[in-house]
Amino acid sequence: MKKTNVLILGLIMAAAVSNAQFNKVVDYSGLYRMNGTYNTLSGPVLNNDSLSERRSSNGYALFDFGINVAPYKELKVSTILRSRSQVGAFFGTGNLIQFRQIRVEGNIAKVVKYQLGDIDVGMTKYTLYNPDESYQDHESEAFAMRRNIVAYENFNYGNNWRMQGAQFESSLLFGRFLERVKAKAILTRVRKAVATNIPDRYVMGGTLTVLQSKIIQLGVNYVTMFDNVGSALDTAYSFSNRVITGEYKVALESNKILVNLSGEFGPSYFKYHVASKLKTEKYNDYFYDLGAAATYKPANLKLYGNYRNIGPLFSSPTAQTIRLFPFNTPTELSKLNNGTTGRQATMYDRMTQEGLYNQSIYIGLMQYLPIYGNVTPYGAATPNRQGITAGMSYSDSSSIITLDAKIDKLSEIKAEGTNKLRNFSAYQGGFNLDLGKLVASKKQLGISLGMRNEQTMRGGQAPINFKTNLINSGVNIEVLNKLDVLLGAKYLTGKGNELLAQRDLFNTILSFNDYIINSKQTILTGGLRYRFFKDSYLTFQYNHFDNHDSISAANNYKWGQIWGNMTLKF
Amino acid sequence: MKKGILFITLFSVFLSCKRDTDPNKFGPETIIVSEDFTVTGFTVSPSNFINLATQDAYFNCTMSQRAEFKFVISGLLSGAVKTVSGAGQSIDILNSTWTGDSDNLNLFRSGEKCLVELSFHGAKKKYYDTITVTAENSYPNTILINNFEGVFFDKHGPNVAAYGNYFDGGDSAKSDIKSDNTTKTCEGAQSVLFDGVDVNKSFYIGGMYFFPATTTYSFAGYEPDSLYFNTYLYSYGDNSTNFVFSYTETDGDIWTKQVSVDGLGWTLLSLRLKDFTDSNLGLGNGILNLDKITGFNINLNAKTAGTRARANLDYIIVSYGRPFEP
């Protein structure tokens, strides 16, 4: 056993012993997971291929042991130790023990809350935000379980980014004319200096929000990302980006109707010096997003709409970075063509493969695959978009049925490579129906269905006609006490052509690569789940994935996967 | 009062919004050709044999319609790749000139055969030809110090000397400085491998010294803050190595800069001469005199006393105006 493992085990034991001495100031939390897959691959992709895997199995067991020490009311020190081993690889001697999280938190004079160490940070959709990687609404619970694991492993807690640094928050109550002022500040280092020419990189920012009353709320947000010039040779790179936004929210309420007016707007300032290019690139741009919503309270019916204009050069890396590397090779059945090429990640891989995900902030706009979302691939802050979004949501008073619908009608502001603008349309909607509540049964019985349709069109000398459809559906039936049958389906189609911008390190478009597809992806899932208690379960599922490529039939394959998982959380 | 300040701040944020609309940032002209698109007369000029030291290459052909084209020139030995792209009704010297540079760290080699692939956006058919490089590219505003080619080693070659523990003591069997003609090269067929053990636990292992054919290098007349010392540097990922680069003046000044070798693989290192510090206090005038530079020195140091250090260097070149870019 390595010295570090001995040290860590010693710390655990010391913590356990000290618990007796610091009674009521030490508590523990934990998460145990045993995960296993058995995979089979078949189809034309294996024709003339004798070397690629037809069958594979993978599995691991892990235990995250959280130790929270609170020696004083104002201070808590917490850490999560992770023990992880591959199933069938060296047994216990192959265990890897490492720190998953170290954090100190507390408050100063009961006025300022602080967190130091591994922290989760987020602000607004245009400043500091970790956008979802694709449309996931109304998915089967079977798929949600897979996504939750991937999110946990990659620290994707909501739409926050996991960073290392410090975060401070304060909220001050005022008098009659000013209800409350809230302030938040963050300081993180997102990259350590590497070699001789890559300097440290920091993200700093803060928000100041004034709640004048329940009616009016005003805020200012600021986030900056910059290199620590001097931490590497100054003949290399130096980057800085700033985003400043203003926010307002106005709420007008009567007995039956609540009207909300809200908006956010502000500029961005990009600057990047690269000595070897003899170039310092600077550009500024801005965005605004103005919206209104009305809720008819007796019916829980909400209608909303907004208009946004996100400048072609609006730069906000902390809100535009994609949380997933779409071109990474998955770990399951990773090789094709006699083991010579990596299998391209599919809709199923994106939902189940932890290793595809990204935890770093990138200053350039990352490459993406349009089939998984072409209208706003970088989230709400996707640059070069203008247009309207409108939608509705409804939920009955018992939450038996919830449904929603949304329309995006957007276009580019500045044409790319031609004088014609792309036009984007997206239509999405769906419902969740709780039949258990409807028939007054104590057992869970739910049905969900959702869809999203996207279209991208452009005329002229470089025409674009690209369409995608995504359908999600799920059924969960509690057949015995806490024993559920889970069914799920996802169906994704993509057809047409797009042109993918290839950018240099300054985000300038150098060329366009063709993206031409005619493909269908289908996931069908069925399985059982036994719920021990909240967030703890044992499940076995069978997943059938079908990849159908009409342009190159040689890429077609079927992937069957048995997935077993036990998760215990306390 | 505070509400008023916030209103003013919000208003200021709104007023500060500006939009840059530089058309060059939104990509080159893009054209998708029709299905009946044809190409005639594809040739390389001035010939299929190019002396990159003295010549530029360009391409010729005519198309049945205005089209977006792309040439990909791939060195079959070096791994160097260059892409030339544009749009037009025809291709000629005005829109397809290749000056011999590379898009990646590798440089096109003398004697190397290169594959030229011509493609058009929207057309399935591609067109091929070859170029043979008869002489390596030369770069304006540069002075090549050494590229470690030819019969440079054993230890002492023209205008270079190697010294230190390699010869003077310690376990010389574990320490060496030698030509490396494996795949670890960015330019030509060879780089130089520094590989040694700090046997006397002084950090210092050994070094090389480069000197000009005349007394001093011909840097006179340049601006001191615009001269760069450049070298390709290969790191083995063991985080054990420091290099101390220095240059000496005839008056005794020795200007040094230490560089930590981290990461894995090749990088192109560029050091501005003005950023070196005078380590020979007491000798010389303490002023950077470009007309007095009489040699460049590279010392290999271990990061931890008594341990091994290693790295490769290739293509040491001084550039004027900006860091070297292939």
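Position labels on residues start from 1 in each chain and follow its written sequence. A letter from A marks each chain and a number from 1 marks each ligand, given out in the order of writing. Where local features are concerned, this predicted model is filtered to residues with pLDDT of at least 70; where side-chain atom pairs are given and counted, the filter is 80 or more; whole-chain, interface and lining totals use all residues.

1. What about the overall build of chain B?
Then, number 1: Think of it this way: any DSSP run of H or I at least four residues long counts as a helix, any run of E at least two long counts as a strand, and we number them from the N terminus. The secondary structure content of chain B amounts to 2 helices and 18 strands.
Then, number 2: A residue is called partly exposed when the number of other C-beta atoms within 10 Å of its own lies between 12 and 20, exposed at 12 or fewer, and buried at 20 or more, with C-beta atoms placed from the backbone. Across the 326 residues in chain B, those meeting the buried criterion constitute 37%.
Then, number 3: Throughout, a pair of residues is in contact if the C-beta atoms placed from their backbones lie within 7 Å. Across chain B, every contact between residues at least 6 apart in sequence was considered, and the portion connecting residues at least 24 apart equals 73%.

2. Some words on the overall build of chain A
Then, number 1: Within chain A one finds 5 helices and 24 strands.
Then, number 2: Scaling as 2.2 N^0.38, a compact globule of 570 residues should have a C-alpha radius of gyration of about 25 Å, and chain A matches this with 25 Å.
Then, number 3: Overall, chain A is about 75 × 65 × 60 Å in size when its C-alpha atoms are taken along their principal axes.
Then, number 4: Looking at chain A as a whole, 30% of its 570 residues are labelled buried.
Then, number 5: For chain A, long-range pairs separated by at least 24 residues make up 61% of all intrachain contacts whose partners lie at least 6 apart in sequence. C-alpha atoms define the radius of gyration in this analysis, and the globule rule sets the expected value at 2.2 Å times the number of residues to the power 0.38.

3. So, the domain arrangement of chain B
Residues and elements named next belong to chain B.
Then, number 1: Annotation comment: domain bounds sourced from an automatic or database domain assignment. The assigned domain composition of chain B is domain 1 (28-135) and domain 2 (142-320).
Then, number 2: With 4 residues of domain 1 at the contact, the number on the domain 2 side is 6 residues.
Then, number 3: Note on residue categories: nonpolar means Ala, Val, Leu, Ile, Met, Phe, Trp, Tyr, Cys or Pro, charged means Asp, Glu, Lys or Arg, and polar means any other residue, Gly included. In terms of residue class, the side of domain 1 that touches domain 2 is built from 2 nonpolar, 1 polar and 1 charged.

4. Some thoughts on the nonpolar core
Residue and element names in this part refer to chain B.
Then, number 1: Throughout this description, the term nonpolar core refers to a group of buried Ala, Val, Leu, Ile, Met, Phe, Trp, Tyr and Cys residues whose C-beta atoms join them within 7 Å. Formed by 69 residues in total, the largest nonpolar core has its most connected members in Val 116, Ile 131, Leu 233, Phe 243 and Ala 311.
Then, number 2: Sorting elements by how many residues they give to this core places strand β18 (residues 308-320) first, with 7 residues.
Then, number 3: Counting residues domain by domain, this core receives three or more from each of domain 1 (28-135) and domain 2 (142-320).
Then, number 4: Not counting the four nearest positions on each side in its chain, Phe 243 is found in contact with Val 259, Val 261, Ile 298, Asn 299, Leu 300 and Ala 311.

5. Topic: unusual backbone geometry
Then, number 1: Cis geometry marks the peptide bond from Ser 45 of chain B to Pro 46 of chain B, where omega comes out at 0 degrees.
Then, number 2: With respect to the element layout, Pro 46 of chain B can be found in the loop between β1 (39-45) and β2 (49-51).
Then, number 3: Residues other than glycine seldom take positive phi values, yet Ala 109 of chain A does so here, at roughly 55 degrees.
Then, number 4: Along the chain, Ala 109 of chain A falls in the loop between β4 (96-108) and β5 (112-121).
Then, number 5: A positive phi angle is found at Ala 440 of chain A, which is not glycine, with a value near 60 degrees.

6. What about the environment of Val 44 of chain B?
Residues and elements named next belong to chain B.
Then, number 1: Inspection of the secondary structure assignment puts Val 44 in strand β1.
Then, number 2: Owing to 21 C-beta atoms within 10 Å, Val 44 belongs among the buried residues under this scheme.
Then, number 3: A sequence separation of 143 residues divides Val 44 from Glu 187, and the C-alpha atoms of the two residues are 24 Å apart.
Then, number 4: When near neighbours in sequence (up to four residues on either side) are disregarded, Val 44 contacts Ala 57, Phe 59, Val 116, Asp 129 and Ile 131.

7. Examining helix α2 (residues 141-153) of chain A
All names here are of chain A.
Then, number 1: An expected span of 1.5 Å times one less than the residue number is assigned to each helix. Compared with an ideal rise of 1.5 Å per residue, which puts 13 residues at 18 Å, α2 spans 18 Å between its outermost C-alpha atoms and is within 8% of the ideal.
Then, number 2: Among the residues making up α2, those that are buried are Ala 142, Phe 143, Arg 146 and Val 150. The buried residues of α2 occupy one face: seen down the axis, they fall within an arc of 100 degrees.
Then, number 3: Tucked into the core, α2 has its buried residues touching α4 (347-352), β20 (464-480), β21 (483-503), β22 (509-533) and β23 (536-549).
Then, number 4: Of the residues flanking the end of α2, it is Phe 155, one or two places downstream, whose phi is positive at about 55 degrees. This arc corresponds to the set of directions leading from the helix axis out to the C-beta atoms.

8. So, the pairing of β20 of chain A
Residues and elements named next belong to chain A.
Then, number 1: Taken together, the 14 bridges between strand β19 (residues 445-458) and β20 define a ladder with antiparallel strand orientation. Looking at the pairing, Asn 453 lines up with Asn 469 of β20.
Then, number 2: In this analysis, strands are considered paired if DSSP registers two or more bridges between them. Taking the residues that link successive antiparallel strands as the turn, the β19-β20 hairpin has 5 residues, and the phi of Gly 460 there is positive, at about 90 degrees.
Then, number 3: Sheet topology places β20 next to β21; 15 bridges connect them, and they run antiparallel. Note that in β21 the partner of Val 475 across the bridge is Leu 487.
Then, number 4: Counting the residues that bridge the hairpin from β20 to β21 gives 2 residues, and of these Lys 482 lies at a positive phi of roughly 70 degrees.

9. Notes on the environment of Asn 565 of chain A
All names here are of chain A.
Then, number 1: Turning to its location among the elements, Asn 565 is positioned in strand β24 (residues 557-569).
Then, number 2: The exposure class of Asn 565 is buried, given the 20 C-beta atoms found within 10 Å.
Then, number 3: Remark: the alpha-carbon pair of Asn 565 and Asp 404, spanning 161 residues in sequence, is separated by 32 Å.
Then, number 4: Once you skip the residues sitting within four places of it in the chain, Asn 565 turns out to touch Arg 33, Met 34, Asn 35 and Thr 539.

10. Quick look at the pairing of strand β13 (residues 241-249) of chain B
All names here are of chain B.
Then, number 1: Among the 9 residues in β13, 7 count as buried, and that is most of the element.
Then, number 2: Across 8 bridges, the pairing between β13 and strand β14 (residues 254-261) is antiparallel. Paired with Thr 241 across the bridge in β14 is Val 261.
Then, number 3: Here β13 hands over to β14 after 4 residues, with Gly 252 in that stretch at a positive phi of 105 degrees.
Then, number 4: Where β13 lies against strand β17 (residues 293-302), 9 bridges are found, and the strand directions are antiparallel. The residue of β17 that forms the bridge with Thr 248 is Gly 295.

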